[in-house]
Amino acid sequence: MTKNATISGLILAGGRGSRMGHVDKGLQPFRGTTMAAHVLARLAPQVASIAINANQNLDTYATFGVPVWQDDLAGFAGPLAGLETGMRRCQTPYLLTAPCDSPFLPPDLAERLLAALQEQDADIAFAATQEPGMRVQPHPVFCLVKTALLPVLSAYLLEGGRRMDGWYKDLKAVEVLFEDADAFRNINTLDELHSLDTGRAPRLLDVTSCLSAYDPDALPVRDAQRIIREFVQPVGAVEQVALRAALGRVLARDIVSPIDVPAHDNSAMDGYALLGSDLPVEGSVRLKVVGTVYAGRPFEAVPNPGECVRIMTGGVMPSSCDSVVPQEFVAEERAGEIVLAAGTIRAGDNRRFAGEDLKAGSAALKAGKLIRPADLGLIASLGIAEVPVVRRLRVAFFSTGDELRSIGQALDTGSVYDSNRYTIYGMLQRLGCEIVDMGIVRDDPAELEAALRTACENADAIITSGGVSVGAADYTRQIMAHLGDVTFWKIGMRPGRPLAFGRINSNGRSAFLFGLPGNPVAVMVSFYFFAREALLRMMGADAPLPLLRARSEAAIRKKPGRTEYQRGILTHGEDGVPQVRITGAQGSGILRSMSEANCMVVLHDEQGNVAAGDMVDVLMFEGLL
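We now turn to the structure provided with this report.

Cut-offs used in this document
- Residues numbered from 1 in each chain as written.
- Predicted model: local features only at pLDDT ≥ 70, side-chain atom pairs only at ≥ 80, totals over all residues.
- Heavy atoms only, no water.
- Helix = DSSP H or I, 4+ residues; strand = E, 2+ residues; numbered from the N terminus.
- Rg over C-alpha atoms; globule rule 2.2 N^0.38 Å.
- Buried < 20%, exposed > 50% of the residue type's maximum accessible area, 1.4 Å probe, protein only.
- Contact = heavy atoms within 4.5 Å.
- Areas by Shrake-Rupley, 256 points an atom, 1.4 Å probe, with all protein chains shown as cover.
- Lys, Arg positive; Asp, Glu negative; His and termini not counted.
- Charge placed at Lys NZ, Arg CZ, Asp CG, Glu CD.
- Phe/Tyr/Trp six-rings, centres within 6.5 Å; stacked < 30°, edge-to-face > 60°.
- Lys NZ or Arg CZ within 6 Å of the ring centre and 35° of its normal.
- Pairing = 2+ DSSP bridges.
- Axes fitted to C-alpha atoms, helices over the stretch in contact; angles between N-to-C directions.
- Patch = residues over 30% accessible without salt bridge, like charges linked within 9 Å, V, L, I, M, F, W, Y side chains within 5 Å.
- Salt bridge = Lys/Arg side-chain N within 4 Å of Asp/Glu carboxyl O.
- Expected span 1.5 Å × (residues − 1).
- Arc of directions from axis to C-beta.
- Polar contact = N/O pair within 3.5 Å; in protein donor to acceptor, adjacent residues only side chain to side chain.
- Parallel < 35°, antiparallel > 145°, perpendicular 65-115°, else oblique.
- Left-handed = near helix turned anticlockwise from the far one by under 90°.
- Nonpolar A, V, L, I, M, F, W, Y, C, P; charged D, E, K, R; others polar.
- 1 Å grid on protein atoms, 1.4 Å probe; cavity = no way out; pocket = protein on both sides within 12 Å on 5 of 7 lines; lining within 4 Å.
- Points joined across faces, edges and corners; volume = space filled by probe spheres on them.

**A word on the overall build of the protein**
Each helix and strand counted, the protein has 14 helices and 35 strands in total. For 625 residues, the compact-globule formula gives about 25 Å, and the C-alpha radius of gyration of the protein, at 33 Å, lies well above that figure. Considered along the principal axes of its C-alpha atoms, the protein spans approximately 100 × 85 × 50 Å. The buried share among the 625 residues of the protein stands at 49%. Nonlocal contacts in the protein, meaning residues at least 24 apart in sequence, comprise 71% of its contacts between residues at least 6 apart. Split by element, the accessible area of the protein, about 28,500 Å² in all, is 50% carbon and sulfur. Between the mean site of the 61 positive side-chain charges and the mean site of the 72 negative ones, the protein shows a separation of 3 Å.

Set out below in structure tokens:
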């Protein structure tokens, strides 16, 4: 890699980023930094100096430590506008351009383009590639141009020309063929970005071997949860989104406040700002009102001892004042004066200090937080328009079984309507996932394998219902094991004993797999207590289940040695203490009792019988993600 003193570099980042949700491509997070930072790191060692052409987020680009140039040509956000801007400011005979969304550009780009240009006495040289059996593909945005040709480009633009490959039609141009086509790959969509920015998870065996007395045929709930927690890895891919689009997303990095909040000492209420030294120890004091301070309006006067100012909530405190007396506490108020009795307030009361809520440089919100409406307001109050969030998790799901029918189909003998897909859909929807409903898959090995492969190649996680127990027609279990790193558990719980978990692979893609039981209630229980936390972990969120304590209205029979989840109805007793009663029959196929319930009573592994009046753990359904 050779730095050439005759060449300046220019990173083109002046586009609108419409394919990235109108967020700058160059600032999209990629492999621990941003795409523009990757381009800068590859291009800078090849040239004498480097700059960035950008039309928005100029302060952010300036943190890269290189000049940032806006387009001189107004109203045209394209590479030619950036090229013209660079040629106007370039101090070397040659200018080399590269787009901000190509983080893999070759380390010898400048050297090879210059050699070809000089060898053929050309005006411009640009990169080209050729796939086997395909025609040569030019890449004119990767170009080396003589800066003396600025008048030619400017004339072309003034005439209305806009094509990157059109302005040099009367010049001598040379194509330089590069072997690695991926080096010139433009990452144009968020899907492309995410597919190139994934991490690897450990092997399942590595995780299970850390558990003493691991027995897949008798696995406690807490051990299964621990294995899933340690095996599943966050997707890692991050995207910048406009603030309003961040609702319900997971914050990928800390939001650091760029300002003090509040920015100035200000009044916490409507009243009068005064000097604390004027407050009377006994009796009363009469103060002269010398002005009025409104929120958002400057006030230059500095009250002297014996003076005060009328001030509104949020108004900036005059520099000499340190206290505010609420207007309703003033003993007497008449034109130009107020009377204040001793003991009404203390010095310093009702004054909000600059940075009291947030200091500049401190974290306003921590990474991993699910962004809620109040968070949008907080971020907006800091003047931040774009937010780094973990990309949406894509989850594919389907039900298995020849007995299942979709809504609208007739029920024949032995068949049932598929309710699980609708339940799973609802639970995934509340998690904010991107959902791929693959319908019903029959008990046929080829069909099951094809469905799993399709799901794996198009999603981050797969959820199936049915087919994970040991049965003559349960092919899912065998195919899952064939496709990847999957284990099958009999968990010490009721309902929902059988569960499959792991990671499968197909055509170079992988996805985490949750094989849930087929019974409707067991599907919900298994999802909430196993799949939910794993999916949130993949999103980078930490959102443990919010268990509450409630008093059991009646006795509940329970044997130690397994965890039980019973449907319940939570109310409040006459003393205001939360109390819960079981809905009735708790069979794993009775979905009606789950619909009637507003909570689930969680009876842990070590618990035995529950007496009436005992306190138990309860998971509320309302508001559950």
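Still to come is the rest of the account.
**Observations concerning the packing of aromatic side chains**
One pass over the structure, following the stated rule, counts 12 aromatic pairs. Ring centres of Phe-501 and Phe-514 lie 5.4 Å apart, and the angle between their planes is 40 degrees; this geometry places the pair in the tilted category. Of this pair, Phe-501 sits in strand E29 (residues 498-506) while Phe-514 sits in strand E30 (residues 509-516), and the two are 13 residues apart along the sequence. On the basis of relative accessibility, which here comes to 0%, the residue Phe-501 falls in the buried class. Through pairs of rings, three or more aromatic residues link up here, namely Phe-231, Trp-489, Phe-501, Phe-512 and Phe-514. The lysine or arginine in question, Arg-297, covers the ring of Tyr-294, its NZ or CZ lying 4.7 Å from the ring centre. Geometry around Tyr-272 places Arg-310 over its ring, the cationic atom sitting 5.3 Å from the centre.

**Details of the sheet that holds E29**
Strand pairing in a sheet relies on backbone hydrogen bonds. The paired strands run either parallel or antiparallel. Ordered by their spatial adjacency, 6 strands build an open sheet running E25-E22-E26-E30-E29-E27, and the pairing between neighbours is mixed. At either end of the open sheet lies a strand with only one pairing partner, and these are strand E25 (434-441) and strand E27 (484-490). Mean inter-strand twist for the sheet, computed between neighbouring axes without regard to direction, equals 15 degrees. Judged from the 7 bridges that link them, E29 and E30 form a sheet pairing that is antiparallel. Looking at the pairing, Asn-505 lines up with Ser-510 of E30. Strand contacts of helix H10 (residues 420-431): strand E22 (394-400), E25 and strand E26 (461-465), with the helix running at about 165 degrees to E22, the strand carrying the most contacts. Contacts from helix H13 (residues 520-538) reach E22, E26, E29 and E30 within the one sheet, and its direction differs from that of E30 by about 155 degrees.

**Topic: a negative patch on the surface**
There is a patch of like negative charges on the surface, built from Asp-402, Glu-403, Asp-444 and Glu-447. With respect to the helices and strands, Asp-444 occurs in the loop between E25 and helix H11 (445-458).

**A word on the pattern of salt bridges**
Summed over the entire model, instances satisfying the criterion amount to 29 salt bridges. We note a salt bridge from Arg-88 to Glu-84, for which the minimum N-O separation is 3.0 Å. Here Glu-84 and Arg-88 lie together in helix H3 (residues 79-89), a separation of 4 residues that amounts to about one turn. In this structure Arg-88 comes out as partly exposed when scored by relative accessible area, which is 44%. Beyond isolated ion pairs, a larger network of salt bridges with shared partners links Asp-72, Glu-84, Arg-88 and Arg-89.

**Quick word on H11**
Along its 14 residues, H11 runs 20 Å from first to last C-alpha, staying within 8% of the 20 Å computed at 1.5 Å per residue. Three or more residues of H11 are buried, namely Leu-448, Ala-451, Leu-452, Ala-455 and Cys-456. One face of H11 carries all of its buried residues, which in axial projection span an arc of 130 degrees. At its buried positions, H11 is contacted by E22, E25, E26, helix H12 (475-483), E29 and E30. Between the side-chain oxygen at the start of H11 and the backbone nitrogen of Ala-446 there is a gap of 3.2 Å, and the oxygen is on Asp-444.

**Some thoughts on the sheet that holds strand E18 (residues 337-341)**
Taken in spatial order, the 6 strands of this open sheet run E16-E13-E15-E14-E18-E17, and their pairing is mixed. Every other strand in the sheet has two partners, leaving strand E16 (323-326) and strand E17 (332-334) as the edge strands with one partner each. In this sheet, neighbouring strand axes are inclined to one another by 30 degrees on average, regardless of whether the strands run parallel or antiparallel. Pairing of strand E14 (residues 284-293) with E18, which is carried by 5 bridges, proceeds in the antiparallel orientation. Counterpart to Val-285 in the pairing with E18 is Leu-340.

**Looking at the packing of H10 against H13**
The N-to-C vectors of H10 and H13 enclose an angle of 30 degrees; their axes lie 11 Å apart at closest approach. On the basis of the axis angle, H10 is roughly parallel to H13. As H10 packs across H13, the resulting crossing turns out to be right-handed. Across the interface between the two elements, Asn-420, Thr-423, Ile-424, Met-427, Leu-428 and Leu-431 of H10 pack against Pro-520, Val-523, Met-524, Phe-527, Tyr-528, Arg-532, Leu-535 and Leu-536 of H13. Broken down by class, the residue content of the contact of H10 with H13 amounts to 11 nonpolar, 2 polar and 1 charged.

**Things to note about a nonpolar patch on the surface**
A cluster of nonpolar residues, Ile-407, Leu-411, Tyr-417 and Tyr-422, forms a patch on the protein surface that exposes about 430 Å² of accessible area. Tracing the backbone shows Ile-407 in the loop between strand E23 (404-405) and strand E24 (416-417).

**Points about empty space enclosed by the protein**
Throughout the structure, instances matching the rule amount to 1 cavity of 30 Å³ or more. When its volume is computed, the largest cavity comes out at roughly 70 Å³. Contributing to the lining of the largest cavity are Gly-248, Arg-249, Val-250, Val-390, Arg-391, Arg-392, Leu-393, Leu-431, Gly-432 and Met-539. Residue classes in the lining of the largest cavity are distributed as 5 nonpolar, 2 polar and 3 charged.

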